[in-house]
Amino acid sequence: LVGASPAQDLTGRHVVVSAGGTREPLDPVRYLGNRSTGRQGYALARSAAARGAHVTLVAANVTLPDPAGVSVVHVETTDELRTAVREHAASADVVVMAAAVADYRPAAPAASKMKKDGAAGLTIDLVQNPDVLAELAAERLRPGQVVVGFAAETGDAAGSVLEHGRAKARRKQADLLVVNAVGAGRGFGDVGNEVVLLDAEGSTVAEAAGSKDEVAHAVWDAVAAHLR
Ligand code: CTP
Ligand code: CA
């Protein structure tokens with residue numbers, strides 16, 4: 001597709017993409033966060049706009065420039081991201097959750113800067129955040145809406161990357177779950193990716209490899225097939 005203009009198969013569609021990684025305050029100057037750069041989500045937003053979509057990009061702590069022709073909402077916490085995504089999802093044909101959402105947040109963030117207390121260690125109580133993707137998949141804020149998730153997995157003693165991905169796809173009930181392998185220099189911040197697209201039953205729908213732009217176009221190909 002490089003140099004060519006892509007198919008205008010998302011013309012007239014409103015798509016919401018979340019990108020980046022949420023941060024949860026510990027106190028006014030510190031947070032719990034993750035290393036997501038937002039590059040995959042930004043590539044998804046750019047490529048959807050190039051294919052004719054009206055794009056709302058909900059960006060959590062991303063330092064990349066706002067893509068041209070895309071409406072960008074900047075957020076910090078999971079609560080802010082959830083509110084913005086749901087507000088725009090109410091009128092969206094497609095919602096893609098590419099953001100790395102913090103699984104937990106401090107139960108009681110301090111109102112003023114925390115001070116060290118002697119030589120003792122520190123234990124912080126965390127509570128679980130709501131699962132924005134699973135909520136969207138269960139509620140379908142707009143009838144016929146296509147809901148897409150991303151999962152960065154590593155293999156472990158309990159299963160391979162793909163086994164974890166298939167179990168997550170069945171748990172989340174999104175129309176598509178884009179699974180990629182992270183760790184050992186793959187995934188976060190990298191230029192290249194290898195992904196498998198799974199349906200809600202955990203079956204493989206498509207595979208893609210290459211740059212984040214190529215992965216983004218493969219995701220929109222699969223989404224466009226759902227919309228037809
Ligand atoms: N996600 C979400 N809300 C959360 C956590 C995750 O919407 N509180 C979304 C992510 O944006 C992503 C998908 O769910 O699209 C999968 O995220 P992932 O962290 O892989 O899944 P979890 O259910 O959090 O499982 P894990 O225990 O493996 O982190
Ligand atoms: Ca998680």
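Small disclaimer: the values here were computed from a predicted structure and weren't measured. (Residues numbered from 1 in each chain as written. Chains lettered and ligands numbered in written order. Predicted model: local features only at pLDDT ≥ 70, side-chain atom pairs only at ≥ 80, totals over all residues. Heavy atoms only, no water.)

A. Region of interest: the overall build of the chain. A count of helical and extended segments in the chain gives five helices and 12 strands. In terms of its C-alpha atoms, the chain occupies a principal-axis envelope of roughly 65 × 40 × 35 Å. Of all 228 residues assigned to the chain, the portion counted as buried reaches 43%. The contacts in the chain between residues at least 6 apart in sequence include a share of 65% that link residues at least 24 apart. When the accessible area of the chain is evaluated, it comes to approximately 11500 Å², of which 50% is carbon and sulfur surface. (Helix = DSSP H or I, 4+ residues; strand = E, 2+ residues; numbered from the N terminus. Buried < 20%, exposed > 50% of the residue type's maximum accessible area, 1.4 Å probe, protein only. Contact = heavy atoms within 4.5 Å. Areas by Shrake-Rupley, 256 points an atom, 1.4 Å probe, with all protein chains shown as cover.)

B. Summary view of the side chain of K172. With respect to the helices, strands and loops of the structure, K172 is situated in helix α4 (residues 161-172). Exposure remark for K172: the relative accessible area of 18% places this residue in the buried category. At 2.5 Å, the side chain of K172 forms a polar contact with the side chain of D131. (Polar contact = N/O pair within 3.5 Å; in protein donor to acceptor, adjacent residues only side chain to side chain.)

C. Representation of the pairing of strand β10 (residues 176-181). Of all six residues in β10, six are buried, a share of seventy percent or more. Residue alternation in β10 divides its side chains into two sets, L176, V178 and N180 and L177, V179 and A181, and both sets are buried. The sheet contact formed by strand β9 (residues 146-153) and β10 spans six bridges and is parallel. For E153, the partnering residue across the bridge sits in β10 and is A181. Of the crossover connections in this fold, the one passing from β9 over α4 to the parallel β10 is right-handed. (Pairing = 2+ DSSP bridges. Right-handed = clockwise from strand over helix to strand, strands pointing away.)

D. Geometry of the UniProt feature "binding site: CTP" (unreviewed entry) in the chain. Taken from the UniProt record, the annotation "binding site: CTP" (unreviewed entry) applies to D103, K113, P130, D131, V132, L133, F150, K168 and K172. Separation in sequence by 70 residues is matched in space for these annotated residues, since their most distant C-alpha atoms are 37.7 Å apart. Checked against the lining of the largest pocket, the annotated residues reduce to D103, P130, D131, V132, L133, F150, K168 and K172. Tracing the backbone shows D131 in the loop between β8 (126-128) and α3 (132-139). Within the structure, D131 has its side chain in polar contact with the backbone nitrogen of A134 (distance 2.9 Å). Tracing the backbone through its elements, the reader meets F150 in strand β9. Accessibility expressed as a relative area gives 22% for F150, which makes it partly exposed. Each residue touching F150, except ones within four places of it in the same chain, is listed here: Q40, L44, V96, M97, A98, L177, V178 and V219. (UniProt positions renumbered as here; feature names shortened; annotations may be inferred. 1 Å grid on protein atoms, 1.4 Å probe; cavity = no way out; pocket = protein on both sides within 12 Å on 5 of 7 lines; lining within 4 Å.)

E. A look at the site of ligand 1. Ligand 1 sits among 13 residues. The nearest are M97, A99, L133, K168 and K172. At 2.7 Å from an oxygen atom of ligand 1 is found a main-chain nitrogen or oxygen belonging to M97. A distance of 2.9 Å is found between an oxygen atom of ligand 1 and a side-chain nitrogen or oxygen belonging to D103. Secondary structure elements with two or more residues in the shell around ligand 1: α3, β9 and α4. Per element, the largest residue contribution to the shell around ligand 1 is three residues, and it comes from β9. Here the shell around ligand 1 is composed, by residue class, of eight nonpolar, one polar and four charged. (Near = heavy atom within 4 Å. Nonpolar A, V, L, I, M, F, W, Y, C, P; charged D, E, K, R; others polar.)

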